Amino acid sequence: MKSSIRKAAFCLAASGLLLATPSQASTGGTAEKLRRLDIMLMVTGLRCRNGAYDFQADFQNFEAAHLPALNSAAAELRDGFVASHGANGAERALDRISTVMANQYGAGHPWLECGELKMVARSLAQMQGTEALIEAADQLLAGSGSPSQLSWVRR
């Protein structure tokens, strides 16, 4: 599974979908981080919804609390794709990168379990300010880590 995700990401990068975007929408940009955070929570929330740590309500609260920032990030990504792929190709490019992001978390978060993700989603929903959200995204989207590094999570 991981190798197929890497292959898909490589194909997208090779085709210019990840590399031909403006700096704000390029890999690691603020808009992409917020979009990736939203997708990670959505996908892992779906994976955890049938267990003891269902955090769908916490995820919905997170989206409601940060809707302006999340919508702005999505619009910024879309605008970057319009600039590099034209109006017709922008939605397709955005769909492709969103699919790659979602597939990355299809097997779960790399180092957080459902119970920890539930606490994360609840804390993110209560978080104030886009800068704090971006800092949290940097920590949560890292390929490795530990729940102990997330001092902002209310346990």
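This text goes with the structure placed above it.
The model shown is predicted, which means the values in this text are computed figures rather than measured ones.

A.B. asks: Help me out: how do you make sense of the overall build of the protein chain in this one?
C.D. replies: The secondary structure content of the protein chain amounts to six helices and zero strands. The order of α-helices and β-strands along the protein chain, N terminus first, is α-α-α-α-α-α. Taking the intrachain contacts of the protein chain between residues at least 6 apart in sequence as the baseline, contacts between residues at least 24 apart amount to 71%. Of the roughly 8,100 Å² of accessible surface on the protein chain, 52% is carried by carbon and sulfur atoms.

A.B. asks: I keep staring at helix 5 (residues 114-126) and nothing clicks. Help me out?
C.D. replies: An α-helix turns once per 3.6 residues; consequently, residues spaced three or four apart project the same way. Over its 13 residues, helix 5 runs 19 Å from end to end, which matches the ideal 18 Å to within 8%, given 1.5 Å per residue. Buried within helix 5 we find G115, L117, K118, V120, A121, S123, L124 and A125. The elements touched by buried residues of helix 5 are helix 2 (30-48), helix 3 (56-65) and helix 6 (130-140).

A.B. asks: Looking at this model, I keep getting lost on the nonpolar core. Mind explaining?
C.D. replies: Generally speaking, nonpolar side chains in soluble globular proteins are found buried as a group. Residues L37, L41, F62, L124, L140 and W152 are the most contacted members of the largest nonpolar core, which totals 40 residues. Contributing elements (two or more residues each) for this core: helix 2, helix 3, helix 4 (67-104), helix 5 and helix 6. In terms of residue count, the dominant contributor to this core is helix 4 (eleven residues). Not counting residues up to four positions away in its chain, the partners in contact with L37 are F62, L124, L133, A137, L140 and L141.

A.B. asks: Looking at this structure, how should I read the side chain of K118?
C.D. replies: Take K118: it is sitting in helix 5. Under the relative-accessibility criterion, K118 is labelled buried at 18%. Reaching out from K118, the side chain makes a polar contact with the side chain of D58 at a distance of 3.2 Å. Look past the residues within four positions of K118 in its chain and what remains in contact with it is Y53, D54, F55 and D58.

A.B. asks: Is there a simple way to explain the pattern of salt bridges in this structure?
C.D. replies: One side chain can pair with another of opposite charge once the charged atoms of both are near each other. Summed over the entire model, instances satisfying the criterion amount to six salt bridges. Across the salt bridge formed by K118 and D58, the nearest N and O atoms sit 3.2 Å from each other. Of this pair, K118 sits in helix 5 while D58 sits in helix 3; the two residues are 60 residues apart in sequence, bridging distant segments of the chain. Note that D58 and R122 form a salt bridge whose closest N and O atoms lie 3.4 Å from each other. Of the two residues, D58 is situated in helix 3 and R122 in helix 5; the sequence distance between them amounts to 64 residues. Relative accessible area serves as the criterion here: at 37%, R122 is assigned to the partly exposed category. Linked by salt bridges that have partners in common, D58, K118 and R122 make up one network.

Criteria and cut-off values
Residues numbered from 1 in each chain as written. Predicted model: local features only at pLDDT ≥ 70, side-chain atom pairs only at ≥ 80, totals over all residues. Heavy atoms only, no water. Helix = DSSP H or I, 4+ residues; strand = E, 2+ residues; numbered from the N terminus. Contact = heavy atoms within 4.5 Å. Areas by Shrake-Rupley, 256 points an atom, 1.4 Å probe, with all protein chains shown as cover. Expected span 1.5 Å × (residues − 1). Buried < 20%, exposed > 50% of the residue type's maximum accessible area, 1.4 Å probe, protein only. Core = buried A, V, L, I, M, F, W, Y, C linked by side-chain atoms within 4.5 Å. Polar contact = N/O pair within 3.5 Å; in protein donor to acceptor, adjacent residues only side chain to side chain. Salt bridge = Lys/Arg side-chain N within 4 Å of Asp/Glu carboxyl O.

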